[in-house]
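Overview (structure and organization)
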Amino acid sequence: MNIGMRRSLLGLSLVAAMAAFSSVGYAEDASGLKVVDVWARPAAVVGGNGAGYFTVENEAAKGDTLLKVEADVSKKVELHSMSMEGMVMKMRKLDNAPVPAHGKLVFERGGNHIMFIGLNAALKQGDSFPVTFVFEHAGSIKATMTVQDAAPGHGQTDDAHHMDH
């Protein structure tokens, strides 16, 4: 085989490899889900509870379902709803949370939230820890949760709270 032919074959191999990698990258993003504004409130008591918040943006024409959130920061991690019935605040565990097509799932202060039960360490302002969001169709999306007093975007311009799948 001459040098010109080897270069042509090498070039074709590189093009094929690049096409394969770009297809894999596209497939990973095909879910259309993006997890943003991932944060937790400070919690000083080891063994106590903490709360976390986030938004899932879905650009896809198909809905999905958040099945659970995983984190090693506490003994248990649960999805919770919060509502007011008269003068009584009610919290209950959610088995899952639907993410509408072309819509958002918002877990925010005063509403749905992640409950970290039995904290392994205090959650101090500025700390961060890994979390994994597990969806029925999209699978797992990893993110970093930052401990802070206020939601991202409320006086902050830090884009480090955004994670794409």
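Description of the overall build of the chain
Counting secondary structure elements, the chain contains 1 helix and 11 strands. Across the chain, helices and strands are ordered from the amino to the carboxyl terminus as α-β-β-β-β-β-β-β-β-β-β-β. Across the 165 residues of the chain, 36% fall into the buried class. A separation threshold of at least 6 residues defines the contact pool for the chain, and within that pool the share at least 24 residues apart is 69%.

Thoughts on the packing of aromatic side chains
One pass over the full model with this rule turns up 4 aromatic pairs. Centre to centre, the rings of phenylalanine 54 and phenylalanine 107 are 4.6 Å apart; their planes meet at 25°, and the pair counts as stacked. Note that phenylalanine 54 is positioned in strand β2 (residues 49-58) and phenylalanine 107 in strand β7 (residues 104-107), a separation of 53 residues in sequence. There is no split in this pair, since phenylalanine 54 and phenylalanine 107 are both buried. Joined through ring pairs, the aromatic side chains of Phe54, Phe107 and Phe133 make up one cluster.

What to know about the pairing of strand β4 (residues 74-85)
Look at any regular strand and the pattern is simple: side chains alternate between the two faces of the sheet. Note that β4 and strand β8 (residues 113-119) share 6 bridges and pair antiparallel. Directly across from leucine 79, in β8, lies its bridge partner isoleucine 114. With 7 bridges connecting them, β4 and strand β5 (residues 88-94) associate as antiparallel partners. Pairing of methionine 84 across the sheet is with methionine 89, part of β5. The hairpin formed by β4 and β5 contains 2 residues between the paired strands, and glycine 86 there has a positive phi angle of roughly 65°.

What about the environment of threonine 65?
With respect to the helices and strands, threonine 65 occurs in strand β3 (residues 64-70). Among the residues examined, threonine 65 registers a relative accessible area of 16% and is labelled buried. Sequence separation between threonine 65 and alanine 97 is 32 residues, and the spatial gap between their C-alpha atoms is 5.6 Å. Apart from residues lying up to four places away in sequence, threonine 65 is in contact with Asn96, Ala97, Pro98, Val99, Val134, Phe135 and Glu136.

Focus on the pairing of β2
Of all 10 residues making up β2, 8 are buried, and the element is well covered by its neighbours. In the sheet, strand β1 (residues 33-40) pairs with β2 via 6 bridges, with the strands oriented antiparallel. Counterpart to valine 36 in the pairing with β2 is threonine 55. Note: β2 against β8, 4 bridges, orientation antiparallel. Residue glycine 50 lies in a different strand from β8, and its bridge partner there is phenylalanine 116.

A word on the confidence of the model for the chain
Per-residue confidence for the chain gives a mean pLDDT of 80; residues scoring 70 or more make up 74%. Counting contacts from residues 5-29, a segment whose pLDDT is below 50, to residues more than four positions away or on other chains yields 4 contacts. In this model, residues 154-165 is a region of pLDDT below 50 whose contacts with residues beyond four sequence positions or in other chains number 26 contacts.

Parameters at a glance
- Residues numbered from 1 in each chain as written.
- Predicted model: local features only at pLDDT ≥ 70, side-chain atom pairs only at ≥ 80, totals over all residues.
- Heavy atoms only, no water.
- Helix = DSSP H or I, 4+ residues; strand = E, 2+ residues; numbered from the N terminus.
- Buried < 20%, exposed > 50% of the residue type's maximum accessible area, 1.4 Å probe, protein only.
- Contact = heavy atoms within 4.5 Å.
- Phe/Tyr/Trp six-rings, centres within 6.5 Å; stacked < 30°, edge-to-face > 60°.
- Pairing = 2+ DSSP bridges.
- pLDDT = per-residue confidence, 0-100.

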